[in-house]
Amino acid sequence: GAGVSQSPSNKVTEKGKDVELRCDPISGHTALYWYRQSLGQGLEFLIYFQGNSAPDKSGLPSDRFSAERTGGSVSTLTIQRTQQEDSAVYLCASSFNLPSGWRGGLSYEQYFGPGTRLTVT
Amino acid sequence: LAKTTQPISMDSYEGQEVNITCSHNNIATNDYITWYQQFPSQGPRFIIQGYKTKVTNEVASLFIPADRKSSTLSLPRVSLSDTAVYYCLVGVGTYKYIFGTGTRLKVLA
């Protein structure tokens, strides 16, 4: 079946402009995650959605970042007034929700999309 | 906030077994450990996931000691195509996840 898709694959924007990054998760996956990977750096967790709800937004780097998810499916990560330090690859992942009290057994792996490479000039 | 550390890089020869350890202090009781492989310009790809003791699948084994403060990914008989960056991913409580610092594995002929 189709995997996680993200659009656009590449985005070049001028400093100060707003950008929207889109993620289409795997059908049926109720959990959705956003991560950021700066050039040559590791992976930084940004936010997690359970259905349409993001219970904890403290992982977002600043108040210029916001994310929403509608219909339990598509998610949008919005960056306002972009800065050069926002340049990175933004990765989206989806999974089934981990059941309460899970102790192994079925895998609840996160499936990752190819990412959106954002360059702020 | 929990810190999750890995060796920066490792070299190995084809056919050897490679073990990569991830240290994850303060991992919470209900959190699990997942390992991913990442090639340049691609998203991470799932390798294996576990909660405790040992888990084995067709590509790797995962060893988790009783205190769960670390985990070791074991890749049997690596090949050149296993050259990649390997990350552990740990849930650190409600709605938060941390990737390890990543280990760049280079497999030599």
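Up top is the structure.
Residues numbered from 1 in each chain as written. Chains lettered and ligands numbered in written order. Predicted model: local features only at pLDDT ≥ 70, side-chain atom pairs only at ≥ 80, totals over all residues. Heavy atoms only, no water.

Details of the layout of surface pockets
Now for step 1: A volume near 740 Å³ is recorded for the largest pocket.
Now for step 2: For the largest pocket, the lining is made up of 36 residues, of which Gln37, Gly40 and Gln41 of chain A together with Gln38 and Arg104 of chain B are closest to its centre.
Now for step 3: Going through the elements one at a time, strand 8 (88-95) and strand 10 (116-120) of chain A together with strand 9 (84-91) and strand 11 (103-108) of chain B are the ones with two or more residues in the lining of the largest pocket.
Now for step 4: For the lining of the largest pocket, the per-class residue count stands at 14 nonpolar, 19 polar and 3 charged. (1 Å grid on protein atoms, 1.4 Å probe; cavity = no way out; pocket = protein on both sides within 12 Å on 5 of 7 lines; lining within 4 Å. Points joined across faces, edges and corners; volume = space filled by probe spheres on them. Helix = DSSP H or I, 4+ residues; strand = E, 2+ residues; numbered from the N terminus. Nonpolar A, V, L, I, M, F, W, Y, C, P; charged D, E, K, R; others polar.)

Looking at the sheet that holds strand 8 (residues 70-75) of chain B
Residues and elements named next belong to chain B.
Now for step 1: A sheet is described by the order of its strands in space; here 5 strands give the open sequence 1-3-8-7-6, paired in antiparallel fashion. Two strands bound the open sheet, and with one partner strand each, they are strand 1 (4-5) and strand 6 (53-56).
Now for step 2: Strand direction decides the pairing type here: strand 7 (residues 61-64) and strand 8, joined by 3 bridges, are antiparallel. Looking at the pairing, serine 61 lines up with serine 74 of strand 8. (Pairing = 2+ DSSP bridges.)

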